[in-house]
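# Chain and residue survey
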Amino acid sequence: MHSTLFAHIPVESTGRYTLQNPQLLKTDVTQGSSPVLARQGAMVAFEGQVEFDSQYRNRSWRNVERMTGERLELMRCKGNGVVYLANLAQHLHIMEVGRGLTVDSSYVLAFDGSLGVGIVAVDSAVEVASAGAYNLELSGSGQIVLMTSGEPLLLEVTPEKNVCCDADAVVAWSTSLRTQLQAPTSTSAVWRRRGSSGEGWEMQFSGTGHVLVQPSELLPPQHLRTSGVLGQFGMGSGGLRGNNLGGSNS
Amino acid sequence: MDTQTLSAHRAASTGVRMTVHSSKTLKVTMATGHDLLAKAGSMIAYDGYVQFDGAPANLRRSAEEMVSGEGGKLMLCRGDGDLYLADYGGDVIVLHLDNEALSVNGATLLACDASLELTIEPVKGLAKLSGSGLTNLVVRGTGWVSLVSRGIPMALDCAERETYVDPDALIAWTTGLDMKARRTVKASALIGRGSGEAFQIGFKGQGFVVVQPSEDTGDRFKVRG
């Protein structure tokens, strides 16, 4: 049997997280001391002996999640082997958290268990589609894998250069940045948020750091596991395809 | 008109029966006597003289449904020329079977030579609970097969150690592998603390398994309809 397929055999691992291809993450769970925390249900395949456990969240954390709607259901992957993770063929990016990263929980695929996670309110009371009113803030030393619909754009923010992004397209930014929301309206249509240009809320970033923007102004379809017993057991994808609207990310 | 940027996207002419153009489009070189079975509605362009018919009568209706999803159809393409097929922007994989067999997860089959034999075989053991269905489609013989994957696929070798696959991400595997279902459901899932990964199919033996980086095996016709 010969095929174009054999260009897609597993790549060599170079550390804990390696990109098998832009849409698939290869995670070597034997490396590193802390467990790998991954989005529930993101496992595509694994080799070796790997266990998947739900990550325990205490009551106060669950309360915060319920109030803010910033829900990130994680599983711990531990054992001895290699796990392949992916979500709806979205593009993946491995990054060092460094001095802190603020990200919406729907763009997180996996991260090191050693990272500190908190839920923060973004400086606005408005719930915008992509960067909601609340976000996850990660700190500490470790790596995180983000996912974007399509290939993203990384913008650098310096004190001399402010950056404005469509709030629906922003994925993540350095925690050190100051954010401000503004609506680009003209006098002709102040009462209509999207005005005449079709642009909604803009997020303005100032300070020193980076902003990650994706070429799509839609939320990825998340939390769409079927409810009921099947959903509880992680099976079935009935709700998924209906919400995925026939688009593939590329 | 300046066609410089467009001409980079021209399909290369090759003598090979099936080639992949820009990873999302399948190019089939049609010749009289070498008919092709394809998912109905997957044609995006052709040149030359190509005719499209309903599926041949010898193909069992259930096999047809399996390939094309509920209410869909297979079509028989014949003629001379170049035929271009695509399935809603999915990545196209081309395989040549040399008197071999490949087990395919129904909706991922895009096209295959009509000379190949399509059969439905039951899935054994616990794997049938996995959501990918009770039966599977087996393509057998000598000829070309094309599959479609949501995102860039990956081929995993099962010879060295056991490989476990999420059934929703599974596209195809070579027959003759030892398959077994593995449950990772623990008691904690019953009290709302499941890990989201309940069933995997384990493969072991000489051969490979193909997975896609997306857990959505549904075909696109249902969405549009």
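Everything numeric here is computed off the predicted structure, so don't read it as measured data.

## So, the overall build of chain A
Along its length, chain A carries 3 helices and 18 strands. Looking at chain A as a whole, 40% of its 250 residues qualify as buried. For chain A, long-range pairs separated by at least 24 residues make up 77% of all intrachain contacts whose partners lie at least 6 apart in sequence.

## Digging into the overall build of chain B
In terms of helices and strands, chain B carries 4 helices and 15 strands. Per-residue burial for chain B yields a buried fraction of 44% across its 225 residues. Counting only contacts in chain B whose residues sit at least 6 apart along the sequence, the fraction spanning at least 24 positions is 79%.

## Quick notes on the confidence of the model for chain A
Residue and element names in this part refer to chain A. Confidence in the prediction for chain A averages 76 pLDDT; 74% of positions are at 70 or higher. When pLDDT is averaged over each element of chain A, strand β3 (residues 24-28) comes out on top at 93 and helix α3 (residues 238-243) at the bottom at 36. Note that residues 222-250 has pLDDT below 50 and, in this model, 62 contacts with residues that lie over four places away or in other chains.

## A closer look at the environment of A:Gln214
Residue and element names in this part refer to chain A. On the secondary structure map, Gln214 appears in the loop between β18 (209-213) and α2 (228-232). Judged by local crowding, Gln214 falls into the buried class, with 26 C-beta atoms found within 10 Å. On a C-alpha basis, the gap between Gln214 and Met147 in space is 9.3 Å, while along the polypeptide they are 67 residues apart. With residues near it in sequence (within four places) discarded, Gln214 still touches Thr148, Ser149, Gly150, Pro152, Ala169 and Val171.

## A look at the nonpolar core
By size, the foremost hydrophobic cluster in this structure holds 106 residues, and its most contacted members are A:Leu25, A:Ala38, A:Tyr84, A:Leu85, A:Leu109, A:Leu146 and B:Val211. With residues up to four places along the chain from it excluded, the contact list for A:Leu85 reads A:Leu25, A:Thr27, A:Ala38, A:Ala42, A:Met43, A:Val44, A:Leu109 and A:Ala110.

## A look at the sheet that holds strand β14 (residues 163-166) of chain A
Residue and element names in this part refer to chain A. The 3 strands lie next to each other as β14-β17-β16, forming an open sheet whose pairing is antiparallel. Either end of the sheet is taken by a strand with one partner, and the two such strands are β14 and β16 (178-182). Across the sheet, the mean angle separating the axes of adjacent strands is 25° when strand polarity is ignored. With 4 bridges connecting them, β14 and strand β17 (residues 202-206) associate as antiparallel partners.

## A few points about the confidence of the model for chain B
All names here are of chain B. On average, residues of chain B carry a pLDDT of 79, and 75% of them reach 70 or more. Mean pLDDT values over the elements of chain B span from 39, in helix α4 (residues 221-224), up to 92, in strand β2 (residues 25-30). Residue range residues 217-225 is modelled with pLDDT below 50. Its contacts to residues more than four positions away, or to other chains, number 24 contacts. What the predictor reports for the complex is a pTM of 0.79 with an ipTM of 0.78.

## Some remarks on helix α1 (residues 59-68) of chain A
Within α1(A), only 0 of the 10 residues are buried, which leaves the element largely exposed. A:Gly69, located one to two residues past α1(A), shows a positive phi value of around 75°.

## Here we look at the environment of B:Lys24
Residues and elements named next belong to chain B. One can find Lys24 in the loop between β1 (18-21) and β2. Residue Lys24 is classed as partly exposed on the basis of its C-beta count, with 17 C-beta atoms lying within 10 Å. The contacts of Lys24, once residues within four sequence positions are left out, are Ala86, Gly89, Gly90, Asp91 and Val92.

## Overview of unusual backbone geometry
Positive phi, normally seen in glycine, also occurs at A:Ala89, with a value near 55°. For A:Ala89, the position within the fold is in the loop between β6 (74-85) and β7 (91-96). Judged by local crowding, A:Ala89 falls into the buried class, with 27 C-beta atoms found within 10 Å. Phi is positive for B:Ser22, which is not a glycine, with a value near 50°. By the secondary structure assignment, B:Ser22 is in the loop between β1 and β2. Note on B:Ser22: 11 C-beta atoms within 10 Å, which makes it exposed.

## Focus: the pairing of β3(A)
Residue and element names in this part refer to chain A. Across the 5 residues that make up β3, a large majority, 4, are buried. When strand β2 (residues 17-21) meets β3, the two strands line up antiparallel, connected through 4 bridges. Across the sheet, the residue bridging to Tyr17 is Thr27, located in β3. Linkage of β2 to β3, two consecutive antiparallel strands, is achieved through a turn of 2 residues. Looking at chain direction, β3 and β6 are connected through 4 bridges and run antiparallel. Within β6, the position partnered with Thr27 by the bridge is Val83.

## Some points on the environment of B:Lys27
All names here are of chain B. Assignment of secondary structure puts Lys27 in strand β2. Note: C-alpha distance between Lys27 and Gly48 (21 residues apart in sequence) is 13 Å. Apart from residues lying up to four places away in sequence, Lys27 is in contact with Ala11, Thr19, His21, Asp82 and Tyr84.

## Here we look at the sheet that holds strand β8 (residues 101-103) of chain A
Residue and element names in this part refer to chain A. A sheet is described by the order of its strands in space; here 6 strands give the open sequence β10-β11-β8-β15-β18-β13, paired in antiparallel fashion. Of all the strands in the sheet, the pair left with one neighbour each is β10 (116-121) and β13 (153-157). Averaged over all adjacent pairs, the angle separating strand axes in this sheet is 25°, with direction ignored. Where β10 and strand β11 (residues 134-139) come together, 6 bridges link them in antiparallel fashion. Residue pairing in the sheet places Val120 in a bridge with Asn135 of β11.

What counts as what
- Residues numbered from 1 in each chain as written.
- Chains lettered and ligands numbered in written order.
- Predicted model: local features only at pLDDT ≥ 70, side-chain atom pairs only at ≥ 80, totals over all residues.
- Helix = DSSP H or I, 4+ residues; strand = E, 2+ residues; numbered from the N terminus.
- Buried ≥ 20, exposed ≤ 12 C-beta atoms within 10 Å, placed from the backbone.
- Contact = placed C-beta atoms within 7 Å.
- pLDDT = per-residue confidence, 0-100.
- Core = buried A, V, L, I, M, F, W, Y, C linked by C-beta atoms within 7 Å.
- Pairing = 2+ DSSP bridges.
- Axes fitted to C-alpha atoms, helices over the stretch in contact; angles between N-to-C directions.

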